[in-house]
Amino acid sequence: MTEMKGNPLSCTRKHRKYIRTESLDISEATSKQPPRGKRAFLCGVSYKNQKYELRGATQDLKNMKSLLVEQFKFPTDSILILAEDESHCSPTRNNIEMAFKWLMRGIQHGDSLVFYFSGHGLRQRDLHGDEIDGFDETICPLDFKTKGMILDNYINDTIVKPLISGVTLHAIVDSCHSGTVLDLPHAYDIHKSKWEVGHHPSVDGKGTMGGRAICFSACEDYQLAADTSALSSEKEMSGAMTSTFIKAIKEAVTKNKKITYQEILDSMNKSLKQPDKTGGLGARIRRVFQRKILQDPLLSSSEVFDTNTEFKI
């Protein structure tokens, strides 16, 4: 089964049920200085009881946390999670913005940061004149219909620009239209095997303060991303991008070998397009819309680097 992380704005209000947007107090979770070294902010939005509910976000969070703790040795107390359950703060706009600030608080040389998002993503007309395609990319908090979406400009200002020398941010964003959702100036063209510049009329003001930001996105800015059970042996719904990202890393670990950024991107691309006995993920996505839809994972960065470099977080 495949669901699209598509356009929730097309859903009418008459289908809406009661939506819990607040749970634990975010101020308590973000009041203390985050641990030095490795820290991560993981956000999964399911939009429960809404017509555009996503069934893969909950599993995505579990899988991503497991990857960070088991494979990359992130301490559990250095991971902040926003989710729609009783044990976590809700992924509202306010809470997401406060979590961004927590992620960046007191960063020092040598710190490794991770931002992960699984949920809906949209586009809206660019009002700042910094997008060549004329659109800003966004992520949708749980309460986006009343509080608004979070724009790529805000994300860049908040977790990209403040990065100082020696600090690296890795973002993994599993949502529609997520290609340049961090507004990073360089995007890697997997077909030409080279970096491209040109998503913005000017890259000035989109960089860092000496640090590095790298983002794996589910798809190009103009594309949709999918939640699917086709990539799970247990047939659990999860984000197609998240599943293929984790799969690439775990396969390398199983073979006791290092993995590069290029190998992750190539593996994701191959997995998303590889047919299976039921028709393949691509075929399932196409059947939903009765036309061909491609999901091409994208790598973007604040600076050009050798993609054959070992992936480390």
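Before reading further, recall that the structure is shown in the block above.
Residues numbered from 1 in each chain as written. Predicted model: local features only at pLDDT ≥ 70, side-chain atom pairs only at ≥ 80, totals over all residues. Heavy atoms only, no water.

(A) Inspection of the sheet that holds strand β5 (residues 121–125) at higher detail. With antiparallel pairing, three strands are arranged side by side in an open sheet as β5-β6-β7. Only two strands of the sheet have a single neighbouring strand rather than two, namely β5 and β7 (150–151). In this sheet, strand β6 (residues 135–139) lies alongside β5 in antiparallel orientation, the contact comprising five bridges. Looking at the pairing, Gln124 lines up with Asp136 of β6. (Pairing = 2+ DSSP bridges. Helix = DSSP H or I, 4+ residues; strand = E, 2+ residues; numbered from the N terminus.)

(B) Seen up close, helix α7 (residues 261–273). The first and last C-alpha atoms of α7 sit 19 Å apart over 13 residues, in line with the 18 Å expected at 1.5 Å per residue. Of all the positions in α7, only Tyr261, Gln262, Ile264, Leu265, Ser267, Met268, Asn269, Ser271 and Leu272 are classed as buried. (Expected span 1.5 Å × (residues − 1). Buried < 20%, exposed > 50% of the residue type's maximum accessible area, 1.4 Å probe, protein only.)

(C) Spatial organisation of the pairing of strand β8 (residues 168–174). Counting buried positions along β8 yields six of seven residues, so the element is predominantly enclosed. Taken together, the seven bridges between strand β4 (residues 112–118) and β8 define a ladder with parallel strand orientation. If you follow Ser112 over to β8, its bridge partner there is Thr168. With six bridges connecting them, β8 and strand β11 (residues 212–217) associate as parallel partners. Looking at β11, one finds that Ala171 is bridged to Cys215.

(D) The arrangement of the sheet that holds strand β3 (residues 79–82) in detail. Taking strand neighbours across the sheet as the criterion, the eight strands line up as β3-β2-β4-β8-β11-β14-β9-β10 in an open arrangement whose pairing is mixed. At either end of the open sheet lies a strand with only one pairing partner, and these are β3 and β10 (194–197). Averaged over all adjacent pairs, the angle separating strand axes in this sheet is 20°, with direction ignored. When strand β9 (residues 186–189) meets β10, the two strands line up antiparallel, connected through four bridges. Of the residues in β10, the one forming a bridge with Tyr188 is Trp195. With respect to the sheet, helix α6 (residues 240–254) is in contact with β4, β8 and β11, its orientation differing from that of β8 by roughly 130°. Of the strands in this sheet, β8, β9, β11 and β14 (298–301) are in contact with α7, which crosses β11 at around 15°. (Axes fitted to C-alpha atoms, helices over the stretch in contact; angles between N-to-C directions. Contact = heavy atoms within 4.5 Å.)

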